[in-house]
Structure formats: C-alpha cells, structure tokens
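Results of the structural survey
So the chains spell out like this:
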Amino acid sequence: MNVENFDRIGLRRKPKQERSIQRLDLILSAAAGLIAEKGVSAMRMTELAVAAKVPIGSVYQYFPEKAAIVKALFDRHASTIQARISDAFSKVYSVDDALDVLATTIDWHYDEYRNDAAYLGIWMGTETDQDLLRLNIEHSTRIADIFHNAVRRIAPELTTVDMEARTYLFSHLIGASIRLAVVSEASLARRILEEWKGVIRSSFFSAVPA
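None of these values were measured; they are calculated from a predicted model.

**Things to note about the overall build of the protein chain**
Across its full length, the protein chain carries 10 helices and 0 strands. Starting at the N terminus and ending at the C terminus, the protein chain contains elements arranged as α-α-α-α-α-α-α-α-α-α. Judged by the C-alpha coordinates and their principal axes, the protein chain covers about 60 × 40 × 30 Å. The buried share of the protein chain, reckoned over its 210 residues, is 46%. A separation threshold of at least 6 residues defines the contact pool for the protein chain, and within that pool the share at least 24 residues apart is 74%.

**Description of the layout of surface pockets**
Roughly 220 Å³ of internal volume is contained in the largest pocket. Lining the largest pocket we find 18 residues, and of these Trp123, His139, Ser140, Ser171 and Gly175 sit closest to its centre. Breaking the lining of the largest pocket down by element, the ones donating at least two residues are helix H5 (66-90), helix H6 (95-115), helix H8 (130-154) and helix H9 (161-182). Among the elements that line the lining of the largest pocket, the one with the most residues is H9, at 7 residues. Looking at the lining of the largest pocket residue by residue, the classes come out as 9 nonpolar, 8 polar and 1 charged.

Conventions and cut-offs
- Residues numbered from 1 in each chain as written.
- Predicted model: local features only at pLDDT ≥ 70, side-chain atom pairs only at ≥ 80, totals over all residues.
- Heavy atoms only, no water.
- Helix = DSSP H or I, 4+ residues; strand = E, 2+ residues; numbered from the N terminus.
- Buried < 20%, exposed > 50% of the residue type's maximum accessible area, 1.4 Å probe, protein only.
- Contact = heavy atoms within 4.5 Å.
- 1 Å grid on protein atoms, 1.4 Å probe; cavity = no way out; pocket = protein on both sides within 12 Å on 5 of 7 lines; lining within 4 Å.
- Points joined across faces, edges and corners; volume = space filled by probe spheres on them.
- Nonpolar A, V, L, I, M, F, W, Y, C, P; charged D, E, K, R; others polar.

Structure below.
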C-alpha cells in the first residue's frame, strides 16, 4: 500500500487530548451504528455527523473519506481478533489441541459476525475498496503467521516452505468460509462450517508431499 493510498484511508490527525479522543470515539460508535443499520455503501458523512452530534467539520477533521472510517473500525476488530487467536494458540501443545482451537476459533468468529450487524458490515465493507481489501488480506496474513508459529512449535517436522503456504491458504479460506456461512440460512451455515472443520482436521496437519 503506497503512501498516497494510506493517506486516503488513514486518520488525518491522531487525537491527543481527552476531549478529542472522546469525540473520535463518538464518531466511530455512531458510524458502527449506521453501518449495522444500512451498510457501508449507504452511510453518508453528513448523517454520520448528525448521529454523532458533532459538526461535519469534526468528521472530516479526522477522516478524509468514508473508507478511512471503515479502516479505523476494521483495525479495532482485527486487533481484537488477532490478540484472541494468538492467546488461544499460545496454550496449544499438541496437534489435537491445535485442531480443537481452530474449530473453536471458527465457531466464535462465526457467532461474532452472525450476531453483530456492525461487525459484519465493516468486514463486508472492506471488499468494496481496493485499499481496504488489502487490509483484510494483511489481517489474514497475520492470522496465518500465528498458525505457522504454532506448527513450528508443536510439529517442527512439518515446518517447510509448503506448510507456510498452507497456513496462509487456510487462513484466507477460513475467512471466506465464515463469510459464506454468515450470509447463508442458519442451519445451512452450521453444516457449511462443520464440513469445513472436517476438511481442516483431515488435511491441515497432514504430511506435505515430498
């Protein structure tokens, strides 16, 4: 991501005073509410200012455009997810443990998106913009690094260039499967996830062909 693109979706200024921090939080909370109600594409900066009860100038003081708001919200969610997964895998000491954690991760990730319209809207919103899409890919890559570090620790015999590619691939596919499940009817969604967890259990730690 080049500097120009980052400027487009990054914060214009980082608040330092408590009052400014609170105002930024008000804007982001209001944005999350609007995204939950109508999605990213339908949200307007003017209505965001009204919902946050701040002047429109205050919105543009921090965010050059709507994509920057989505990035700020996405970054918060992504950091929380990465920390939670990292903590879970730090307690893994065997392949079976790792597979159980992967299955649990899929379940709670699905439940988070299924039960939080803002959470889902922000995630879906990253697919409407090329620079935001890169953020989603970078997030999946960080999750893949957590997976790969766990493999190196509990199954060093599988630590190869191919396994690095596998963890990267599975990280992206986990996100895609959860996204598909969330937009599917609930009973079908559960079957989709169970099928996917079965694939993971049978192939994630299988030996890489020579």
